[in-house]
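Here are the chains, one letter per residue:
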Amino acid sequence: MQTGSNSPCQGKLFAVGIGPGNALDRTVRAEKVIRSSDVVVGYHRYIEHINDLITHQEIIASGMARERHRCASAIDAALAGRTVSLVSSGDAGIYGMAGLALEMIRENDLHLDIEIVPGVSAAQAGAAALGAPLMLDYACVSLSDLLISWDEIDNRLKALAMADMVTVLYNPRSKKRTRQLQRAREIFLEFRPAQTLVGIVRNASLNNQNIIATSLTHMPLDKIDMRSLVIIGNSRTINIGQWMVTTRGYFDAII
């Protein structure tokens with residue numbers, strides 16, 4: 001990757017959130033940027049989600065654990081004067097590539113025009129499939145400890161469980177990481193009733209979307225994987241018909 005470049009022929013880098021995968025959940029802004037780009041860079045599965053937008057663009061795709069390489073390729077292409085879309089699923093600034101791109105630009109003392117294009121996050125898509133579980137304060141926690149220590153994640157889970165805050169779990173369980181989700185449930189059971197509502201959405205917004213409505217006690221750990229999103233309700237979360245809803249207090253307040 002180039003360093004310290006101030007070339008007047010630089011292009012522009014867009015960090016684009018393409019939503020959870022369904023074309024109907026992409027923003028008009030994201031589609032416009034991708035269509036007008038010279039280069040599109042991303043994880044190969046995310047590129048598949050936007051194939052309908054690809055006409056003339058050069059594609060740079062790679063697999064898991066190649067985030068730094070993809071960012072470097074996108075930055076180099078922009079420094080060479082091209083318009084580049086660096087795509088992430090969901091929102092580019094929520095467990096996406098926007099932060100890494102900005103860090104690498106700083107690390108290499110680059111002066112590059114960059115714009116962050118927001119998208120529908122997995123938390124939003126999963127919540128919509130379940131009903132309205134995020135009506136009050138909530139927090140998102142990734143259970144992946146590849147880039148952050150488990151001790152930090154464990155402490156955050158304890159704080160959220162004690163705070164009675166609705167919690168969204170990203171990256172809940174993989175073939176190699178099975179203990180983390182089990183531990184998360186143990187933590188919440190220390191501070192929340194066993195019947196606390198839990199919603200699990202796999203492949204949110206896609207044609208093969210699958211929803212499981214359950215509770216902390218009955219959460220089916222073996223049916224949860226990296227394509228699943230887990231939403232743990234709080235003391236205000238109830239079932240209204242088929243929907244999982246965290247009540248905001250409209251019927252209790254005097255307005």
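Predicted model only: the values in this text are computed from it and were never measured. (Residues numbered from 1 in each chain as written. Predicted model: local features only at pLDDT ≥ 70, side-chain atom pairs only at ≥ 80, totals over all residues. Heavy atoms only, no water.)

A. Structural detail: the sheet that holds strand β6 (residues 131-132). Reading across from one edge, β6-β13-β12 is the order of the three strands in this open sheet, with mixed pairing throughout. The open sheet has two edge strands with one neighbour each: β6 and β12 (237-240). When β12 meets strand β13 (residues 243-246), the two strands line up antiparallel, connected through four bridges. Pairing of Ile-238 across the sheet is with Val-245, part of β13. (Pairing = 2+ DSSP bridges. Helix = DSSP H or I, 4+ residues; strand = E, 2+ residues; numbered from the N terminus.)

B. Spatial organisation of the pattern of salt bridges. Applying the stated rule across the entire model yields 17 salt bridges. With its nearest N and O atoms 2.6 Å apart, the salt bridge here joins Arg-82 to Glu-58. Note that Arg-82 is positioned in the loop between α3 (67-79) and β4 (83-88) and Glu-58 in strand β3 (residues 58-62), a separation of 24 residues in sequence. Overall, the relative accessible area of 35% leaves Glu-58 in the partly exposed class. (Salt bridge = Lys/Arg side-chain N within 4 Å of Asp/Glu carboxyl O. Buried < 20%, exposed > 50% of the residue type's maximum accessible area, 1.4 Å probe, protein only.)

C. Focus on helix α1 (residues 28-36). Those residues of α1 not exposed but buried are Ala-30, Glu-31, Val-33 and Ile-34. One face of α1 carries all of its buried residues, which in axial projection span an arc of 165°. Counted as exposed and oriented over 90 degrees from the buried face of α1: Val-28 and Lys-32. At its buried positions, α1 is contacted by β1 (12-17), β2 (39-43), β4 and β5 (114-117). (Arc of directions from axis to C-beta. Contact = heavy atoms within 4.5 Å.)

D. The arrangement of the sheet that holds β3 in detail. Spatially, the five strands line up as an open sheet ordered β3-β2-β4-β1-β5, and their pairing is parallel. Sheet topology places β3 and β5 at the edges, where each strand pairs with a single neighbour. Going from strand to strand, the sheet's axes swing by 15° on average, the running direction of each strand aside. Where β2 and β4 come together, three bridges link them in parallel fashion. When the bridges of β4 are listed, Val-40 appears paired with Ser-85. Along the sheet, helix α4 (residues 98-107) makes contact with β1, β4 and β5, crossing β5 at roughly 170°. (Axes fitted to C-alpha atoms, helices over the stretch in contact; angles between N-to-C directions.)

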